[in-house]
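Analysis of the macromolecular model
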Amino acid sequence: MSLLSGLGDILKQYTGSNPDTTNVEQHFDQVAQNVPQSTLASGIAEAMHSNQTPPFAQMASQLFSNGNQQQKASMLTALAASAGPGILAKLGGGNSSLASLFQSGQTTVTPEQAASVNPQEVQNLAQHAEDHDPSVIDRLSQVYAQHPTLIKTLGAAALAIAMNKMSQRQSG
């Protein structure tokens, strides 16, 4: 069996409305390692847009909580770019670690700086960023696609939705 045929067989399992998620983490690993990053990103974005998963801001906070410092820095940099300076200035006044990070007009977050930000601040930033620019979900999905192991922390439902989208994209 060729690799593409094997992936197709795995992805087909997630095309129905109630897929069996028993092996979804293992399947996700196999697929994530072998599909183009753009395909993986579209699957992740679909899961984040879905009404079958928690709201985007909550998932962004969860991923931030589970990420390493480098991943956290990448997430914050992408969120800040989407939120814009006006939103950043409003967040928590001068009392939040996020506000202090972005007061100087800084747009890139270092891993060390990201370590001082708490997940609730990220959830607030993600909500504001999504309200300001809904395409932030698609851009952040590209960041998350670089870290497929981290995506598994979102749970079986999110992974099944991502697998379904990747199946559609591979077949069509």
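See the structure above.
1. Some words on the environment of asparagine 18
Mapping asparagine 18 onto the fold places it in the loop between helix H1 (3–12) and helix H2 (24–32). We classify asparagine 18 as exposed; its relative accessible area is 73%. Put simply, asparagine 18 and alanine 160 are 142 residues apart on the chain and 9.2 Å apart in space, counted from C-alpha to C-alpha.

2. Comments concerning the packing of helix H4 (residues 56–66) against helix H8 (residues 119–132)
At a minimum axis separation of 8 Å, H4 and H8 run at an interaxial angle of 140°. Accordingly, the angle class assigned to the pair H4 and H8 is oblique. Pair H4 / H8 crosses with right-handed handedness. Here Phe56, Ala57, Gln58, Ala60, Ser61, Phe64 and Ser65 of H4 come into contact with H8, specifically with Pro119, Gln120, Val122, Gln123, Ala126, Gln127 and Glu130. Residue classes in the contact of H4 with H8 are distributed as 7 nonpolar, 6 polar and 1 charged.

3. Brief notes about the packing of H4 against helix H9 (residues 136–145)
Relative to each other, H4 and H9 sit at 25°, their axes nearing to 12 Å. In terms of orientation, H4 and H9 fall into the roughly parallel class. Remark: the crossing between H4 and H9 carries left-handed chirality. Within the contact between the two elements, H4 uses Phe56, Ala60 and Leu63 and H9 uses Val136, Ile137, Leu140 and Tyr144. Residues of the contact of H4 with H9, tallied by class, amount to 7 nonpolar, no polar and no charged.

4. Details of H9
Of all 10 residues in H9, 7 are buried, a share of seventy percent or more. Inspection of H9 places Val136, Ile137, Leu140, Ser141, Val143, Tyr144 and Ala145 among the buried residues, and these make up the whole buried set.

5. Quick notes on H2
Spacing of three or four residues puts side chains on the same side of an α-helix, whose turn is 3.6 residues. Three or more residues of H2 are buried, namely Val24, His27, Phe28, Val31 and Ala32. Along H2, the residues classed as buried sweep out an arc of 125° about the axis, all on the same side.

6. Looking at the pattern of salt bridges
Summed over all chains, the structure comprises 2 salt bridges. A salt bridge links aspartate 133 to arginine 139; the nearest nitrogen and oxygen atoms lie 2.5 Å apart. A relative accessible area of 35% means that arginine 139 is categorised as partly exposed.

7. Thoughts on the packing of aromatic side chains
By the definition in use, this model includes 0 aromatic pairs. Directly above the ring of phenylalanine 64 sits lysine 72, whose terminal nitrogen or CZ lies 5.0 Å from the centroid.

8. Overview of the environment of aspartate 138
Among the structural elements, aspartate 138 can be located in helix H9. For the pair formed by aspartate 138 and methionine 48, sequence separation is 90 residues and the distance between their alpha carbons is 8.9 Å. Every residue in contact with aspartate 138, bar those within four places of it in the chain, is listed here: Ala45 and His49.

How each quantity is defined
- Residues numbered from 1 in each chain as written.
- Predicted model: local features only at pLDDT ≥ 70, side-chain atom pairs only at ≥ 80, totals over all residues.
- Heavy atoms only, no water.
- Helix = DSSP H or I, 4+ residues; strand = E, 2+ residues; numbered from the N terminus.
- Buried < 20%, exposed > 50% of the residue type's maximum accessible area, 1.4 Å probe, protein only.
- Axes fitted to C-alpha atoms, helices over the stretch in contact; angles between N-to-C directions.
- Parallel < 35°, antiparallel > 145°, perpendicular 65-115°, else oblique.
- Left-handed = near helix turned anticlockwise from the far one by under 90°.
- Contact = heavy atoms within 4.5 Å.
- Nonpolar A, V, L, I, M, F, W, Y, C, P; charged D, E, K, R; others polar.
- Arc of directions from axis to C-beta.
- Salt bridge = Lys/Arg side-chain N within 4 Å of Asp/Glu carboxyl O.
- Phe/Tyr/Trp six-rings, centres within 6.5 Å; stacked < 30°, edge-to-face > 60°.
- Lys NZ or Arg CZ within 6 Å of the ring centre and 35° of its normal.

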